Amino acid sequence: MTRHLGIVMDPIESINPKKDSTFAMMLAAEQRGWRISVMTLGDLSLDKNVLKLNYQTITVTDDPKDYFQSAGFSKGDANDFDLILMRKDPPFDMDFVYATYLLEFAEHAGTPVFNRPGSIRDCNEKLFALQFPNCVPEVIVTSNPAQLKAFHDEHLDIILKPLDGMGGQSIFRVKAKDTNRNVIIETLTELGTRKIMAQRFIPEIKDGDTRILLINGEPVPYGLARIPSAGETRGNLAAGGSGVARPLTDRDRWICDEVGPVLREKGLLFVGIDVIGDYLTEINVTCPTCIRELDTSQGLDIAGNYLDHLETEIG
């Protein structure tokens, strides 16, 4: 059956098709003969309680030099689509938040949106993980410098990070007797006015920060271990880490079993969790990546599997 798929994303001209997971979803839709239309946050508006959309219909090919072709621009509303994917990269700023409110009007009109906009808005990618206390390392969230210093005094080697960061940005490791501790805390908390996360350092990061993708709460059988480059703490690919596919461990699967039912309940159908050693560190619900790397390494079709599931969701 031909479907019309709408995708809210960054400008199509700005992506790297060799690595972009949203582009993998487009290729899977193209193979199914679906009509594909893309739009940015600026293309969403509300008029008389109806979500209005400016969108560009495109075709795609797996050619990094000529990966999309425009079939024209249109104006319409959510009923033009069989389903809409919210795949805008962070930053998770107020414009992003307002877009989730607008996309709920698409749901009210009967057009499914995935991941569910309200759940994207409610599930901060760092704080959401803390709802699974048996899965996470020792963590505190506070803007209080004294609490952060006490946590460091207890654990001696910690990670400090903002609650709204992405791609490894503004993540600091603070070791015992680090003379930069005070200035790092002052900077990240903006002199005690902004909440941040402090997490016990997990030495297994040397073996990688593993991204595990889940479709409707069920994990893909391989994760992408993002291994830090020499002299680096962060495994994020955007921070220079290298990606190596590996089979899931028993502990990985146990964590997925803990998280999966909640993801399904919240309508978070495509999610990436991050695991270091035995510990869950983040649950990425906005625009999870690593499809293309895992597909290439292991001969998978993750985007195809996701679209298969979406077909069952929309009937």
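Report follows, based on the coordinates. (Residues numbered from 1 in each chain as written. Predicted model: local features only at pLDDT ≥ 70, side-chain atom pairs only at ≥ 80, totals over all residues. Heavy atoms only, no water.)

### Regarding the overall build of the chain
- Each helix and strand counted, the chain has 8 helices and 17 strands in total.
- Computed over the C-alpha atoms, the radius of gyration of the chain is 20 Å, within 12% of the 20 Å expected from 2.2 N^0.38 for a compact globule of 315 residues.
- Once the C-alpha set of the chain is aligned to its principal axes, its extents read approximately 60 × 45 × 40 Å.
- Of all 315 residues assigned to the chain, the portion counted as buried reaches 51%.
- Put simply, 67% of the contacts in the chain that link residues at least 6 apart link residues at least 24 apart.
- Put simply, the chain shows about 14,100 Å² of open surface, and 48% of that area lies on carbon and sulfur atoms.
- For the chain, the separation between the mean place of its 33 positive charges and that of its 46 negative charges on side chains is 3 Å. (Helix = DSSP H or I, 4+ residues; strand = E, 2+ residues; numbered from the N terminus. Rg over C-alpha atoms; globule rule 2.2 N^0.38 Å. Buried < 20%, exposed > 50% of the residue type's maximum accessible area, 1.4 Å probe, protein only. Contact = heavy atoms within 4.5 Å. Areas by Shrake-Rupley, 256 points an atom, 1.4 Å probe, with all protein chains shown as cover. Lys, Arg positive; Asp, Glu negative; His and termini not counted. Charge placed at Lys NZ, Arg CZ, Asp CG, Glu CD.)

### Some thoughts on the pattern of salt bridges
- Under the defined criterion, the tally for this structure stands at 19 salt bridges.
- For the salt bridge of Lys88 with Asp10, the shortest nitrogen-to-oxygen distance reads 3.0 Å. Linking Lys88 in the loop between strand E6 (83-86) and helix H2 (94-108) with Asp10 in the loop between strand E1 (4-8) and helix H1 (21-31), this pair joins segments that are 78 residues apart in sequence. As far as burial versus exposure is concerned, Lys88 and Asp10 are alike and both buried.
- Arg264 serves as the salt-bridge partner of Glu218, at 3.5 Å between the closest nitrogen and oxygen. Within this pair, whereas Glu218 is found in strand E13 (residues 218-219), its partner Arg264 is found in helix H6 (residues 250-265), the two being separated by 46 residues in sequence.
- Sharing partners across several salt bridges, the network here consists of Asp209, Arg211, Arg226 and Asp274. (Salt bridge = Lys/Arg side-chain N within 4 Å of Asp/Glu carboxyl O.)

### Looking at the packing of aromatic side chains
- Tallying each qualifying case throughout the model produces 6 aromatic pairs.
- Taking the centre distance of 5.4 Å and the plane angle of 50° together, the rings of Tyr67 and Phe68 count as tilted.
- Residue class for Tyr67 comes out buried when judged on its relative accessible area of 10%.
- Judged by its relative accessible area of 19%, Phe68 falls in the buried class.
- The rings of Phe23, Tyr67 and Phe68 are connected pair by pair, giving a single aromatic cluster.
- Here Arg121 stacks its cationic end above the ring of Tyr101, 4.0 Å away from the centre of that ring.
- Across the ring face of Phe201, the terminal group of Arg173 is positioned such that the distance to the ring centre comes to 3.7 Å. (Phe/Tyr/Trp six-rings, centres within 6.5 Å; stacked < 30°, edge-to-face > 60°. Lys NZ or Arg CZ within 6 Å of the ring centre and 35° of its normal.)

### Focus on helix H7 (residues 291-298)
- What H7 keeps buried is the set Ile291, Arg292, Glu293, Leu294 and Asp295.
- Tucked inside the fold, the buried residues of H7 contact H1, strand E12 (209-215), strand E14 (222-227), strand E15 (242-247), strand E16 (270-276) and helix H8 (302-314).
- Residue Gly299 follows H7 closely and has a positive phi angle near 65°.

### Regarding the nonpolar core
- The biggest cluster of nonpolar side chains holds 39 residues, and the ones touching the most others in it are Leu44, Phe128, Ile273, Leu280 and Ile283.
- Those elements giving two or more residues to this core turn out to be strand E4 (50-60), E6, H2, E12, H6, E16 and strand E17 (279-284).
- Among residues more than four places away in sequence, those in contact with Phe128 are Cys123, Val262, Leu263, Lys266, Leu268, Ile283 and Val285.
- Judged by nonpolar contacts, the second largest core, of 37 residues, contains Ile7, Val220, Cys290 and Leu310. (Core = buried A, V, L, I, M, F, W, Y, C linked by side-chain atoms within 4.5 Å.)

### Brief notes about unusual backbone geometry
- Of note, the bond from Pro90 into Pro91 is cis; its omega dihedral lies within 30 degrees of zero at 25°.
- When you line up the elements, Pro91 lands in the loop between E6 and H2.
- In this chain, Phe114 is followed by Asn115 through a cis amide linkage whose omega measures -10°.
- As for its position among the elements, Asn115 is in the loop between strand E7 (113-114) and helix H3 (117-122).
- Backbone geometry places Leu156, a non-glycine residue, at a positive phi of 70°.
- In this structure, Leu156 sits in the loop between helix H4 (145-155) and strand E9 (158-162).

These results come straight from atomic positions and should not be treated as a statement about function.
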